[in-house]
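Residues per chain are reported as follows:
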Amino acid sequence: MSSILKALHFKPLDGVRIVVWSAFALILLLMPLAAQSSFALTLLCLTGIAAIACMSYNMLLGQAGMLSFGHAVYTGLGTFVAIHAMNKIVGGWWVPMWLIPLVGGFAGLAFGALLGYVTTRKAGTPFSMITLGVGELVFAAALMFPEFFGGEAGINSNRTGGSGWLKDMGLTFGPQIQVYYLIAIYLFICTAAMYAFTQTPLGRIANAVRDNAERAEFVGYDTRWVRYLIVMASSFFAGIAGGLTAINVEAATADLLHGVRSGGYLLFTFLGGVGFFFGPIIGSILLVFALVVLSEFTKAWQLYVGIIFLIMVVFAPGGFSALIMLNLRRVKYGEWRKMRWPYVGMFFFGLIALWGFAALVEMAYQIQVAAGSGTALTVARIPLDAASTSSWLIAVAVLIAGGVAFEVSRRKFQRVWNEGEEHIAEAIKKAEAAIV
Amino acid sequence: MNLTIKVSAIAVTAALTLAGGMAHAQNVKVAFIEGLSGPFGGVGQNQLNHYQYAAEQFSGKNANSGVTVQIVPMDSKGSPQEALALFKKATDDGIRFITQGNGSSVAGVLIDAVNKFNERNPGKEVVFLNYAAIDPDYTNSKCSPWHFRFDAGVDMKLEALTNYMKDNKAIKNVYVLGQNYSFGQQVSKFTASMLAEKRPDIKIVGNELHPLGQVKDFAPYIAKMVAAGADTVVTGNWGPDLALLIKAAKDAGYKGNFYTFYAGVIGTPAAIGEAGTDRVFQVGYWHPNAEKNALDATYTGFKYRFKEEFYTVATVNAVKFLVAAVEKAKSADGLPVARALAGMKGKGGSGEDIEMRASDGAMQQALYIMQWTRAGVPGVKYAQEGTGHGFKTVRYLEPKLASMPTTCQMKRP
Amino acid sequence: MEFFTISLLNGVSYGLLLFMLSAGLTLIFSMMGVLNFAHASFYMLGAYLAFQVSEWTNFWVAFVIAPVLVAILGGLFERVVLRKTHKFGHVAELLVTFGLSFVILELVQLIWGRTPVDYKVPTVLEGSLFKLYSSSFPVYRAFMMLVAFAMLGSLFLVLKKTRIGLVIQAALTHPETTEALGHNVPQVFALVFAGGCALAALAGVIGGNAFITEPGMAQAVGAIIFVVVVVGGMGSLAGALIASILIGVAQTFAVGLDWSFIGGLQTLGVTVTPETFGYPVWKLKISQVAPILPYLLLVVMLVVRPKGIMGTRDE
């Protein structure tokens with residue numbers, strides 16, 4: 001279908017694979033040690049959940065080339081069904097609390113089967129438009145049925161309810177750390193399951209449908225059926241993420257279904273990179289960072305995220321994961337050392353230009369949004385005054401000077417980079433020749 | 001400042017604090033958890049301005065005891081999930097007071113989180129100052145000893161409104177229109193039941209709910225009102241849904257009156273403007289043209305500084321009550337302040353006696369029925385948002401006329 | 001009768017506004033295959049620029065200038081950004097416009113603030129055109145209909161009768177041949193994109209003051225114009241026109257209908273009580289779901305006729 005979605009081929013050695021998965025497990029296990037506060041732990045939990053959601057999104061976008069604007073429908077409905085199940089547990093159901101995410105998963109699957117039947121009638125761009133419409137429909141319906149969705153206030157629950165031998169041993173899910181490990185375990189299993197899914201025949205056919213639907217059709221596959229199955233599988237994992245949200249937040253509200261959230265999954269999955277399996281995990285880290293951390297620093301965070309997204313789509317459509325892998329490839333072929341200074345130059349001038357740009361944006365925001373609390377502000381610790389002309393002139397001058405220097409160093413970088421690419425291409429050719 | 005002076009300064013401050021008890025120059029942090037970016041960021045920022053101005057005017061050097069309220073803004077983007085994360089951050093930072101108001105969804109999640117946190121962390125109790133989430137459930141079935149609401153609940157506002165409508169013999173056919181979510185549904189339910197009790201002769205000729213924020217064109221709704229012969233419309237709509245409704249009414253030449261709750265919220269006066277002249281009414285606890293206005297200086301000062309309207313008196317009351325409670329409790333911890341807040345009395349925006357009722361944590365205060373009309377005539381001193389229009393008092397209802405019984409069964413700690 | 005006539009007029013005029021909004025989107029999609037996610041953002045930009053220009057001069061100047069300004073901005077965006085992503089395929093093009101919608105929203109808030117601006121209908125067009133018993137039909141709505149028809153007519157003339165229109169149609173189906181004949185195809189694309197944006201802006205100019213000009217206005221119509229395009233049949237202008245009017249009229253009349261399933265079931269002899277399973281669904285009145293009817297229509301259309309009203313391809 002399109003070249004940006006084609007996986008850049010990188011085959012880890014078999015030994016490497018074991019190391020990578022063990023390291024992943026180890027990181028998940030040890031992460032809480034780095035979290036010094038309950039806020040940091042909360043961020044970790046949010047990131048874990050977002051990682052499952054973004055990976056499930058990438059089953060659509062990366063694997064099958066389906067750009068959905070309505071993924072939050074499945075995570076959100078998963079949360080709602082899960083929260084009702086939790087309340088049933090509190091009311092005396094026998095299901096243990098740690099199975100709740102699976103309840104969410106099956107809810108996601110059911111809604112995927114229902115709504116996916118409609119959305120997958122079309123592929124490509126029309127599919128995107130339809131998911132947007134269906135997303136609006138579900139969100140509007142959520143407010144119309146307070147009996148199930150709890151209206152604006154949503155539905156609350158208590159994760160410490162229920163019974164079972166695990167609970168008798170102290171696993172009440174009251175402390176956040178227990179919730180974290182529940183999320184971590186689900187994250188690990190879901191990651192493994194989704195990775196395995198990419199290796200199944202269905203996962204491979206999805207790639208074929210993405211790359212060339214017509215040919216896949218000629219070979220004898222019903223592409224609509226493939227899309228439908230992928231949507232259902234993706235919704236199942238999305239539902240698990242929703243179920244974990246139910247346990248983590250102990251509440252479900254209609255905003256979980258909103259299009260803004262769907263847009264967020266799309267945006268950050270893409271930023272993380274759709275071409276690699278681990279891309280969405282990077283995306284989820286970026287998502288939590290932008291939504292919870294960056295927004296504390298600057299009121300203009302949405303503008304920055306939007307501009308970064310635009311730049312990435314145009315210049316690095318593989319996302320951050322592709323950037324990482326391209327550089328790793330350089331390291332592998334011994335081409336990275338040449339890049340050091342061009343990188344330093346580019347980043348140095350890039351940061352200067354960025355400061356100039358950020359200063360302009362922040363001053364504009366200060367005037368537009370927060371003029372009542374004064375016009376003084378600091379950008380990266382440098383004091384500015386949005387009311388003085390000199391501050392504006394300085395910012396413009398820095399932006400122009402930094403921008404020009406950045407462009408010069410970027411061109412140099414591009415040259416060195418392209419040379420490196422040629423060398424690598426030659427090296428690969430030689431290696432192939434040697435095998436023959 | 002060299003090191004010795006610094007150290008001695010700290011020592012002196014510490015000694016003073018110990019000697020003078022907790023009340024001296026006490027700094028009380030309040031986490032303001034609200035959507036400051038995204039679709040409702042404009043309202044959130046406006047409310048933050050209110051709070052910061054209120055803290056400046058009614059605490060610190062302007063309070064007798066010197067108790068300073070410091071507002072710590074936190075951007076929840078209107079999402080309950082992020083509000084919850086920020087609540088954790090606030091408790092991490094040792095903040096004992098949180099405030100929020102825009103959106104009952106966030107308020108509900110926060111009340112629940114505060115309850116759970118206080119249960120699991122005795123000695124570190126957090127108090128929730130709700131300044132605008134007016135779901136009556138929060139002072140009835142879901143009431144909490146840690147939650148104090150400074151706005152009037154939907155039920156109280158409708159009690160006041162129907163008390164006014166009861167005496168207005170011109171009202172014969174009422175049409176109720178609302179956004180289809182909890183608030184709109186409550187307005188619809190309470191209006192019908194209260195009117196049936198107070199004025200059984202009034203006919204409810206329509207009771208309509210539409211999806212929140214989905215209607216682009218309100219002309220069909222106006223056509224329906226005309227067809228039903230409605231002379232009065234009661235609507236819980238806010239934001240674009242309200243402004244579009246009023247504009248459509250004007251375009252279609254519809255002559256009925258609109259009784260609303262949120263015509264004064266930032267941006268709405270500008271959007272309604274001329275279209276709402278004399279036909280839009282609002283029920284609220286204060287407006288700048290009130291006869292017994294106790295906050296005239298605050299209104300003009302705020303408007304001068306921020307170029308925005310001042311209307312959320314609940315922020316001023318929250319700051320005043322918090323300062324008084326800290327003074328009374330001689331502590332800035334959650335539990336003693338919560339005890340002091342329960343049943344605390346004070347003066348409201350019209351100089352009336354207000355009380356934070358102990359039984360449910362609902363502020364008992366006066367309410368106004370006000371009319372949107374041209375500024376300049378007697379009773380309309382200030383125009384809003386440069387529209388040349390402002391609010392005029394139609395009826396002042398003292399606290400007992402707007403009071404509602406509660407079903408709250410909580411036990412205060 | 002009064003209700004019927006007024007509702008019909010309301011429905012048609014609202015439908016025509018929807019058509020103005022979706023015409024540009026359809027045009028760009030059918031010519032370039034690009035789904036412009038930021039289309040509604042250009043609509044918003046048109047409204048805001050019209051507000052600004054009319055503050056400085058008057059409405060009629062804004063009526064002409066604002067679409068031109070937006071066309072220039074759209075053309076620039078196509079040249080500088082969109083063209084670069086062409087080689088990555090349609091998904092990348094869609095993503096880049098998705099990113100643009102974020103940036104436009106933030107910039108609009110940065111320049112004009114986050115609350116509605118006071119963009120007024122000019123005094124000449126205020127008041128009612130005629131009165132029907134107790135309801136009146138506003139002049140401005142008639143003006144909206146007039147502009148929509150004028151736009152439809154000129155669009156038809158430009159595409160079918162002028163040289164540039166023929167080149168556009170040729171570039172659409174046979175880009176290489178058209179290029180070989182000496183026409184600058186990329187420039188034609190830029191022109192089409194700019195034109196599509198101008199149409200959105202024109203809708204913004206006349207829609208912004210009829211409704212409200214505020215930062216949420218793009219998101220409010222974004223989904224609905226997609227529905228129009230899908231229901232009408234991807235890339236079909238005639239389909240978009242039919243779908244718009246269908247949606248406008250259906251929505252308007254639905255508001256007037258207080259039927260619900262309960263009523264229907266009762267005539268069949270089934271009694272429904274609050275205890276009946278699914279009661280919240282049965283008690284919903286048609287008037288309550290009117291605003292989301294377009295989405296329901298979308299679902300029904302996809303199940304019954306996936307290619308849309310005037311669509312040619314069943315993807």
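Because the structure is a prediction, the values reported are computed rather than measured.

### Some remarks on the overall build of chain C
When you go through chain C residue by residue, the secondary structure sums to 14 helices and two strands. Since a compact globule built from 315 residues should have a radius of gyration of about 20 Å, the 21 Å found for chain C is in line with a globular shape. Overall, the C-alpha framework of chain C stretches about 70 × 50 × 40 Å when taken along its three principal axes. For chain C, buried positions account for 53% of its 315 residues. Put simply, 76% of the contacts in chain C that link residues at least 6 apart link residues at least 24 apart.

### A word on the overall build of chain B
Helix and strand content of chain B: twelve helices and 15 strands. If one aligns the C-alpha atoms of chain B with their principal axes, the spans along those axes are about 80 × 45 × 35 Å. Long-range pairs, those at least 24 residues apart, make up 70% of the contacts in chain B between residues at least 6 apart in sequence.

### Notes on the domain arrangement of chain B
Residue and element names in this part refer to chain B. Segmenting chain B into domains produces domain 1 (3–152 + 295–364) and domain 2 (155–284 + 366–402). Measuring from the centre of the C-alpha atoms in domain 1 to the corresponding centre in domain 2 gives 30 Å. Contact residues are listed per partner, giving 16 residues for domain 1 and 17 residues for domain 2. At three residues, the largest contribution of residues to the side of domain 1 that touches domain 2 is made by helix H2 (residues 41–58).

### Quick word on the sheet that holds strand S7 (residues 203–210) of chain B
Hydrogen bonds between backbone groups are what pair the strands of a sheet, and the pairing can be parallel or antiparallel. Residue and element names in this part refer to chain B. Pairing is mixed across the open sheet formed by seven strands, whose spatial order is S7-S6-S8-S9-S10-S14-S15. In this open sheet, the two strands that pair with only one neighbour each are S7 and strand S15 (389–397). Ignoring strand direction, the axes of neighbouring strands in this sheet form an average angle of 25°. Bridge count between strand S6 (residues 173–179) and strand S8 (residues 232–235): four bridges; the pairing is parallel. In the strand pairing of S8, Val176 is matched with Val234.

### Side note on the nonpolar core
Among the nonpolar cores identified, the biggest contains 347 residues, and Ile52 of chain A, Leu110, Ile222 and Leu322 of chain B together with Tyr43 and Ala201 of chain C are the most heavily contacted of them. Among the elements that take part in this core, helix H2 (residues 38–64) of chain A stands out by supplying 18 residues, more than any other. In contact with Ala201 of chain C, other than residues within four places in its own chain, are Phe42, Tyr43, Leu45, Gly46, Ala66, Pro67 and Val70 of chain C. Among the nonpolar cores identified, the runner-up in size contains seven residues, and Ala359, Val379, Ala386 and Ala395 of chain A belong to it.

### Points about the interface of chain B and chain C
Interface size is commonly expressed as the accessible area that is lost once the parts come together. With 31 residues of chain B at the contact, the number on the chain C side is 28 residues. Mapped by element, the contributors of at least two residues to the side of chain B that touches chain C are H2, S7, helix H7 (219–228), helix H8 (240–251) and helix H9 (268–272) of chain B. The greatest single-element share of the side of chain B that touches chain C, amounting to seven residues, is contributed by H7 of chain B.

### With respect to the interface of chain A and chain C
Listed per partner, the contact involves 39 residues of chain A and 36 residues of chain C. Every element with two or more residues in the side of chain A that touches chain C is listed here: helix H5 (124–144), helix H14 (301–315) and helix H16 (340–370) of chain A. It is H5 of chain A that contributes the most residues to the side of chain A that touches chain C, 13 residues altogether.

### Overview of helix H5 (residues 154–167) of chain B
Residues and elements named next belong to chain B. With 14 residues, H5 should cover 20 Å at 1.5 Å per step; its first-to-last C-alpha distance of 20 Å lies within 8% of that length. Burial analysis of H5 places eleven of its 14 residues in the buried class, which makes it a mostly covered element. Taken as a whole, H5 has its buried residues at Val154, Asp155, Met156, Lys157, Leu158, Glu159, Ala160, Leu161, Thr162, Tyr164 and Met165. Buried residues along H5 sit against helix H6 (182–198), strand S9 (257–260), strand S10 (280–284), strand S14 (367–374) and S15.

### Comments concerning the packing of helix H4 (residues 100–119) of chain A against helix H11 (residues 223–249) of chain A
Packing of H4 of chain A against H11 of chain A leaves a shortest axis separation of 6 Å and a crossing angle of 145°. Considering how the two elements wind past one another, H4 of chain A and H11 of chain A form a crossing that is right-handed.

### As for the packing of H5 of chain A against helix H14 (residues 293–304) of chain C
For the pair H5 of chain A and H14 of chain C, the least separation of the axes is 9 Å and the interaxial angle reads 130°. Between H5 of chain A and H14 of chain C, the crossing angle belongs to the class labelled oblique. Pair H5 of chain A / H14 of chain C crosses with left-handed handedness. On H14 of chain C, the residues that touch Ile130, Gly133, Val134, Glu136 and Leu137 of chain A of H5 of chain A are Tyr295, Leu296, Leu298 and Leu302 of chain C. Looking at the contact of H5 of chain A with H14 of chain C, its residues break down into seven nonpolar, one polar and one charged.

### Some thoughts on the confidence of the model for chain B
On average, residues of chain B score 87 in pLDDT, and 94% of them reach the 70 mark or higher. Within the model, pLDDT remains below 50 along residues 1–24 of chain B, and this stretch shows twelve contacts once partners closer than five positions in the same chain are excluded.

### Some remarks on the pairing of strand S1 (residues 128–132) of chain C
The side chains of a regular strand alternate between both faces of the sheet. Direction of pairing for S1 of chain C relative to strand S2 (residues 135–138) of chain C: antiparallel, over a ladder of four bridges. Paired with Leu132 of chain C across the bridge in S2 of chain C is Ser135 of chain C.

### Focus: unusual backbone geometry
Residues and elements named next belong to chain B. The phi angle at Lys307 is positive, at roughly 55°, despite the residue not being glycine. By secondary structure assignment, the location of Lys307 is in the loop between helix H10 (296–306) and helix H11 (313–329). Of note, Lys330 is a non-glycine position whose phi angle comes to about 50°, a positive value. Using a count of 13 C-beta atoms within 10 Å as the deciding quantity, one classes Lys330 as partly exposed.

### A look at the sheet that holds strand S13 (residues 363–364) of chain B
Spatially, three strands are ordered S11-S12-S13 (chain B) in an open sheet, and the strand pairing comes out antiparallel. The two strands at the open ends of the sheet, each matched to only one other strand, are strand S11 (345–347) and S13 of chain B.

### Topic: helix H3 (residues 72–90) of chain A
Residue and element names in this part refer to chain A. Taking 1.5 Å of rise per residue, 19 residues should cover 27 Å, and H3 covers 26 Å from first to last C-alpha, within 8% of that figure. Burial runs high along H3: 15 of the 19 residues are buried. Trailing H3 by a residue or two, Gly92 shows a phi angle of about 120°, which is positive.

What counts as what
- Residues numbered from 1 in each chain as written.
- Chains lettered and ligands numbered in written order.
- Predicted model: local features only at pLDDT ≥ 70, side-chain atom pairs only at ≥ 80, totals over all residues.
- Helix = DSSP H or I, 4+ residues; strand = E, 2+ residues; numbered from the N terminus.
- Rg over C-alpha atoms; globule rule 2.2 N^0.38 Å.
- Buried ≥ 20, exposed ≤ 12 C-beta atoms within 10 Å, placed from the backbone.
- Contact = placed C-beta atoms within 7 Å.
- Domains from an automatic or database assignment.
- Pairing = 2+ DSSP bridges.
- Axes fitted to C-alpha atoms, helices over the stretch in contact; angles between N-to-C directions.
- Core = buried A, V, L, I, M, F, W, Y, C linked by C-beta atoms within 7 Å.
- Expected span 1.5 Å × (residues − 1).
- Left-handed = near helix turned anticlockwise from the far one by under 90°.
- Parallel < 35°, antiparallel > 145°, perpendicular 65-115°, else oblique.
- Nonpolar A, V, L, I, M, F, W, Y, C, P; charged D, E, K, R; others polar.
- pLDDT = per-residue confidence, 0-100.

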